[in-house]
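Results of the structural survey
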Amino acid sequence: MKRIVTLILALAMLPAFGAFAQTGDAAPKLNKKNLLVKEWNTNAKGVASTLDHLTIYSPEGKKLEEIEYDTAGKQKWRKRYEWGENLKMTRELVYDERNRLVNYKKFEYNEFGKKKVQYTYDAKGKLISTKVFEYIAADD
């Protein structure tokens, strides 16, 4: 009898839980201002062993730098981001394990503030490639 009452109560509460789950309430956003994010590799026992990835954000919440580390804790690569007055990324610089510039990217934006063109250059400033972004909105 107790099982039947518990089952009936559980079934009666399902619509309430369903409504709660479908409200679309998003989790609170993380404030990225002056944020430092460290990602750690751990062993099977859950013990932190080596730093895997580091991301640094500016006081305005813009990503400034990323560093990827190998399993020995040595730098694999580093990316540095530069931002313009329009609060858009102007350059992304990629460095190797010895902090030597490998390549960099410059960006152009369209009138809607979306990436329009990405230019990739080698360390000496020679254009390697160009990527053009196209945005197509599907009509309903």
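A few points on the structure.

Here we come to unusual backbone geometry. Backbone geometry places L87, a non-glycine residue, at a positive phi of 65 degrees. If you trace the backbone, L87 turns up in the loop between β4 (75–83) and β5 (89–95). One non-glycine residue, N99, lies in the positive phi region at around 65 degrees. Positionally, N99 belongs in the loop between β5 and β6 (101–109).

Attention now goes to the side chain of Q118. Looking at where Q118 falls in the secondary structure, it is placed in strand β7 (residues 115–122). Residue class for Q118 comes out buried when judged on its relative accessible area of 9%. Those residues in contact with Q118 that sit more than four places away from it in its chain are K105, K106, F107, S129, T130, K131 and F133.

In total, this model carries 7 salt bridges according to the counting rule given. A salt bridge links R91 to E82, with the nearest nitrogen and oxygen atoms 2.9 Å apart. On the basis of relative accessible area, R91 is assigned to the partly exposed category, the value being 24%. A salt bridge links K105 to E92; its shortest N-O distance comes to 3.7 Å. Placement of K105 in strand β6 and of E92 in strand β5 is noted, with a sequence separation of 13 residues between them. Looking at K105, the relative accessible area reads 21%, which means it is partly exposed.

The rules behind the values
Residues numbered from 1 in each chain as written. Predicted model: local features only at pLDDT ≥ 70, side-chain atom pairs only at ≥ 80, totals over all residues. Heavy atoms only, no water. Helix = DSSP H or I, 4+ residues; strand = E, 2+ residues; numbered from the N terminus. Buried < 20%, exposed > 50% of the residue type's maximum accessible area, 1.4 Å probe, protein only. Contact = heavy atoms within 4.5 Å. Salt bridge = Lys/Arg side-chain N within 4 Å of Asp/Glu carboxyl O.

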